[in-house]
Amino acid sequence: MAVGDALHRIGRNLCSCDLCGRVLEPVIADLQHEYEHADGAAERFFALLGGYAAFWRSFGWCLARDAAARESRRYLGSASVAFLIVVGTLALSEILFLHTLQGVRNVVLRVLSWIPYLSYIGWSARINTATLTFGLPLAMLPALLYATRRRGIITPSAALLAIALGTILTTASSGWIAPAVVRWSVVAERDRFVVALGGRRQVPPIDFDGCPDCRAWPDVIRGARAPLKHRYPGYPTYVAPEDRGLPAWYRSVLRERLLLIVFAILAGLIGWRLGLALERRQADDDGVFRTRDDGGRRVVVVGEDGED
Amino acid sequence: MGVDSPLDLQNVRSIISDVSGHPRISRTERAILELLVSEGELFGLQLVERSRGVLKRGTVYVTLGRMQEKGFVESRTEPPAPGAIGLPRRLYRPTAYGVGVFRAWSRAARAIARLQPHEA
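Enquirer: Go over the nonpolar core, please, and point to the residues and values.
Expert: Residues and elements named next belong to chain A. Grouped together as the largest cluster of nonpolar side chains are 62 residues, with contacts concentrated most on Leu24, Leu144 and Ala162. If you tally residues by element for this core, the top one is helix 7 (residues 130-151), at nine residues. Each of two domains, domain 1 (5-67) and domain 2 (70-229 + 242-294), supplies a minimum of three residues to this core. Beyond its immediate sequence surroundings of up to four residues, Leu144 is in contact with Ala79, Ala159, Ala162, Gly268, Gly271, Trp272 and Gly275.

Enquirer: Any details on the interface of chain A and chain B? Residues and values, ideally.
Expert: With 19 residues of chain A at the interface, the matching set in chain B holds 15 residues. Listing elements by their share of the side of chain A that touches chain B, those giving two or more residues are helix 2 (17-36) and helix 3 (40-67) of chain A. With eleven residues, the single largest contributor to the side of chain A that touches chain B is helix 2 of chain A. When the residues that make up the side of chain A that touches chain B are grouped by side-chain class, the tally is ten nonpolar, five polar and four charged.

Enquirer: Describe the confidence of the model for chain B, listing the residues and the values that go with them.
Expert: All names here are of chain B. For chain B, per-residue confidence averages 81 on the pLDDT scale, and residues scoring 70 or more make up 77% of the total. Strand 3 (residues 90-94) holds the highest mean pLDDT among the elements of chain B, 94, whereas helix 1 (residues 9-18) holds the lowest, 53. Our summary of model confidence lists the complex with pTM equal to 0.71 and ipTM equal to 0.76.

Enquirer: Can you break down helix 7 of chain A residue by residue, with the values?
Expert: All names here are of chain A. The terminal C-alpha atoms of helix 7, which comprises 22 residues, lie 31 Å apart, in line with the 32 Å expected from a rise of 1.5 Å per residue. Along helix 7, the sharpest change in direction is near 35° and occurs at Leu136; proline Pro137 comes one to four residues later. Burial analysis of helix 7 places 17 of its 22 residues in the buried class, which makes it a mostly covered element. One or two positions beyond helix 7, positive phi appears at Gly152, with a value near 80°.

Calculation rules
- Residues numbered from 1 in each chain as written.
- Chains lettered and ligands numbered in written order.
- Predicted model: local features only at pLDDT ≥ 70, side-chain atom pairs only at ≥ 80, totals over all residues.
- Core = buried A, V, L, I, M, F, W, Y, C linked by C-beta atoms within 7 Å.
- Buried ≥ 20, exposed ≤ 12 C-beta atoms within 10 Å, placed from the backbone.
- Helix = DSSP H or I, 4+ residues; strand = E, 2+ residues; numbered from the N terminus.
- Domains from an automatic or database assignment.
- Contact = placed C-beta atoms within 7 Å.
- Nonpolar A, V, L, I, M, F, W, Y, C, P; charged D, E, K, R; others polar.
- pLDDT = per-residue confidence, 0-100.
- Expected span 1.5 Å × (residues − 1).
- Bend = angle between axes of the 7 residues up to and from the residue.

In structure tokens, the structure reads:
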């Protein structure tokens, strides 16, 4: 494998053919030429350094250019519409099955508690955050699948941009919006309790430190790294039972949120690649184009006659 | 550089007022065109070396690609040398349109410079 072959593969797979040929291939050709004609290890090292830096800078420009193209904007539009429809449907299902009829809610929560990981969804559903937490990453798959099927085979940068935006939304939703909803629910419940008591009993303030799910990203990270809490000054080594598992609980919440981000990226990638595979298969069936292997490179052959 | 025809104030005014709807060239594009017009066909790296710091290696092909889109330059791959490995390098030369735009801008720039007040 020659120097720059990996860069060439990256450029060919992630940028449009036009930009790859016009911008990236000349950069790689310069890198290969300089490397070939360098005298000594130091000169070769500097040729590599300069060539790689130039490539990544040009590559970033190509990605941005592809992402801003009209086709990419249309792709993002289709993906956004599908994303909103799926999230809306999930939110509606959550309201219908979990927050309307008590009987239906009990059955759904019972079913969720039987299935190992879904019990966690059941917990989120009790406090109106199931869609905010799980719905957004889940919606990435149908959104990218639909957009790829609708807009056809486009440059990967549009799909990568859609995945990046979906991941940012998932991060914001699971790490800031959902915890804010949980905090709001807890405060509303306490207020209702205080009103129901009619001032006959003193109700202690809410301790949000003991509720990692109420905490936004920075607090969860801090909580996961914090030492055990000693809340009684007279007993400096004593840790109350309710505080003993708190850092572990924070770490588990942090792990779950990170897993949601990974899940969002994977769902987006699967939706995109699945859409591409289906689109290619349909194009093959229609005889629009075929692909052949040309010395390790996949070449698209247009039409029945094999015109490249 | 080619022969410049003298510009009077009227010509400069018309260039300035029409410029919004006409091809514009940035400072970098002007530097590339200047090198290509004066030296003929060049590789991207040669442009970087001869520009004395005006052009950067990481952006020269981005600019050249944009200039190709605008029709200012055209390119061809170098003839394959025997035993050479890797991708062929690309040689750039200005189009007649690119040369025309560059000369028009140069004339306009010189005329505008002449209009500015000179200190004693």
